[in-house]
Amino acid sequence: MSIDLSLDRIQRLYRFIQPYARPTIHIAGTNGKGSVSALTSSILAAAGLRVGRFNSPHLVSIYDCIYVNNREVSQQTYHSSRDEVERIARDKLIEVSSFEMLVLTALLIFERADVEIVVMEVGMGGRLDATNVIPDEVVMLSALTAVDLDHQAFLGNTVAEITKEKASIARRGKPFVLGPQNHPEVAEVARKVVREVGGDFFSASAALQVPLNDRIHPELPGSQFQPPSPRPIELDIPCFGTRANALLPLHGSHQLDNVGLSALIISIAVDHPSCSSLRLRDRVTTEAIARGIANVSWPGRLSFHSIHSNLRDPTSSRFLVLADGAHNPASSTTLSSYITEYCNSLAPSNATITLTYILSLSHSPPKTPLQTLSPLLPPSLSPQLTVKVRVAVLRFTPPEGMPWVKSVPPSVLHSVVQSLCPKAELWSGDDDNTHDLPAALQWAASSPDPQLVVVAGSLYLAADFYRVLRAEI
């Protein structure tokens, strides 16, 4: 079944499965909702709660959509619940999409695990997303991360229209928390939606600031790029009337917005009358917030990894890979800004830097490859640096259970990259092959110069990279 945003099918089937009663934090957004989900669940787990977390799409396998107590759900647990939901669907003659089946499986797993709280990321949009099947009474609060243009074919052609869809996860009498935004119309539209629903509107402050010297990365030792260290941050925690100091391991200035939003979500969950059943004030502390932030892991989002230059030789030298799921113009702009900051602060003046991009994109009109890649290519680094650009384009492996997801042919990407960055050295995968990433990595490793390799353009390509990394380990 292709994408058909509707709650009709899932609501019919939901009536026949075990009722879902877990207190839930529901998070929508275009960019950042996964990071905020990971941060929020990590903080709650650090406070000693039994936490369930649902994210989509999956990264390496379908099982990593669903976490219980910071652990990916086991295959046995997953299939036990999924088999039951599928059996009920067959018995009741109700056909649902693969994503709707996944959501109902997750709800059943969380219920059977008796978790104390669930952090649930919306799949697409909000109003008609399958996750919005959860009953009003279980929603503790809703949150909205940065909204931008994406999935216009399903959500609307303007940021305002998309905001209306996403903000419609708001519930009567429950808090709705808006994160920092790049488009001023988001706040106006979201506030109106929440007011009409009868929710309680809150807005996070602008991005946190860190001292400049905390943003500088270690200098380049010899010929090796190095991953940056976690950075110290200071957070307002309104429910305690104090601030918390923490080390944030997630990279990029946008993560300051995300961690600030997560801290406000936690603070409201502690203080708001609609969230009082969990008595979070007795369990959440500033120390737990700091521990949760320090412990967070969110792979495929500005994530640094070291990989062998010869995938078949564990004694070969290593090079640094930055894996990021940037897949739309806004997230590509974020990735580009981070690469600029990283390289400018890392390299001495008059240095030569080689940037090697390995790129694959989903076919998702009206979004075009040119729109997604324009913020990345050519890179905008300090004029004091000499930059050599190399680009590999390829297909990604089709994601499990998502037959509608198609990658853009490498031949198309090749033409786009050539138009954006005519001097780039190019490598193209086969239009008919979805398993070219190992070859692309081997090509990337052939450069004799110090380089940063960037795997980006789609979370599905990042997933392919993690499969290669796991096989290597």
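Scroll up a little and you will see the structure.
Description of the structure in this document. (Residues numbered from 1 in each chain as written. Predicted model: local features only at pLDDT ≥ 70, side-chain atom pairs only at ≥ 80, totals over all residues. Heavy atoms only, no water.)

### Some details on the environment of Ile117
Convention followed: We count a stretch as a helix when DSSP gives it H or I for four or more residues in a row; a strand needs E for two or more, and each element gets its number in order from the N terminus. Each residue's exposure class comes from its accessible area (1.4 Å probe, protein chains only) as a fraction of the maximum for that residue type: buried when under 20%, exposed when over 50%, partly exposed otherwise. We call two residues in contact when some of their heavy atoms are within 4.5 Å.
The residue Ile117 is located in strand β5 (residues 117-121) in this model. The exposure class of Ile117 is buried, given its relative accessible area of 0%. Put simply, Ile117 and Val60 are 57 residues apart on the chain and 25 Å apart in space, counted from C-alpha to C-alpha. With residues up to four places along the chain from it excluded, the contact list for Ile117 reads Pro23, Ile25, Leu44, Leu49, Arg50, Val51, Gly52, Met140 and Leu278.

### What to know about the nonpolar core
Put simply, the rule reads: Take the buried Ala, Val, Leu, Ile, Met, Phe, Trp, Tyr and Cys residues and link them wherever side-chain atoms come within 4.5 Å; each set so joined is a nonpolar core.
Ile117, Val177, Leu248, Ile265, Leu280 and Ile293 are the most contacted members of the largest nonpolar core, which has 45 residues in total. For this core, the elements supplying multiple residues, two or more each, are β1 (24-28), α2 (33-46), β5, β6 (139-144), β9 (231-237), β10 (242-248), α9 (254-271) and α10 (286-295). No other element matches α9, which puts 10 residues into this core. Setting aside its immediate chain neighbours within four residues, Leu280 contacts Leu49, Met140, Ala269 and Val270. The next biggest cluster of nonpolar side chains, apart from the first, holds 37 residues, and it includes Leu7, Val68, Ala89 and Val103.

### Remarks on the side chain of Arg395
Threshold: A residue counts as positive if it is Lys or Arg and as negative if it is Asp or Glu; His and the chain ends are not included. Here, a salt bridge means any Lys or Arg side-chain nitrogen found within 4 Å of an Asp or Glu carboxyl oxygen. We define a polar contact as two N or O atoms separated by no more than 3.5 Å, with the added condition that, inside protein, one atom must be a possible hydrogen donor and the other a possible acceptor, whereas residues neighbouring each other in sequence contribute only through side-chain atom pairs.
When you line up the elements, Arg395 lands in the loop between β14 (386-393) and α13 (410-420). Buried Arg395, no salt bridge; nearest opposite-charge side chain is Asp431, N-O distance 5.4 Å. Separated by 2.6 Å, the side chain of Arg395 and the backbone oxygen of Ser407 make a polar contact. Polar side-chain contacts of Arg395 include one of 2.4 Å to the backbone oxygen of Asp431. Other than its neighbours up to four places away in sequence, Arg395 contacts Ser360, Ser407, Val408, Pro409, Pro410, Asp431, Asn433 and Thr434.

### Thoughts on the layout of surface pockets
The condition that has to hold: Site definitions follow a grid-based scheme: protein atoms alone, a 1 Å grid, a 1.4 Å probe that fits but cannot get out for cavities, and for pockets an open set with protein on both sides within 12 Å along at least five of seven lines, plus lining residues having an atom within 4 Å of a point. Grid points are joined across faces, edges and corners, and a volume is the space filled by probe spheres set on the points. Charged residues are taken to be Asp, Glu, Lys and Arg, nonpolar residues to be Ala, Val, Leu, Ile, Met, Phe, Trp, Tyr, Cys and Pro, and polar residues to be all remaining types, Gly included.
Of the pockets and cavities examined, the second largest pocket occupies roughly 370 Å³. The wall of the second largest pocket is formed by 21 residues, among which Arg53, Tyr67, Ser297, Trp298 and Pro299 lie closest to the centre. At the level of elements, α2 and α15 (459-472) are the ones that each hand at least two residues to the lining of the second largest pocket. If one sorts the elements of the lining of the second largest pocket by residue count, α2 sits on top with 3 residues. In terms of residue class, the lining of the second largest pocket is made up of 9 nonpolar, 7 polar and 5 charged.

### Describing the packing of aromatic side chains
To keep things clear, this is the line we draw: Two rings belonging to Phe, Tyr or Trp (six-membered ring only in the last case) form a pair when the distance between their centres is within 6.5 Å. Interplanar angles under 30 degrees mark stacking, angles over 60 mark edge-to-face geometry, and anything in between is tilted. Consider the ring centre and the ring normal. A charge sits over the ring if Lys NZ or Arg CZ is within 6 Å of that centre and within 35 degrees of that normal.
Inspection of every chain in the model, using the stated rule, returns 9 aromatic pairs. For the ring pair Phe465 and Tyr466, a centre distance of 5.7 Å and an interplane angle of 70° mean the geometry is edge-to-face. A relative accessible area of 0% places Phe465 in the buried class. By way of ring pairs, the aromatic residues Phe304, Tyr338 and Tyr342 are connected into one cluster. The cationic tip of Arg53 hangs over the ring face of Tyr67; the distance from NZ or CZ to the ring centre is 4.6 Å.

That is the geometry; function is a separate question.
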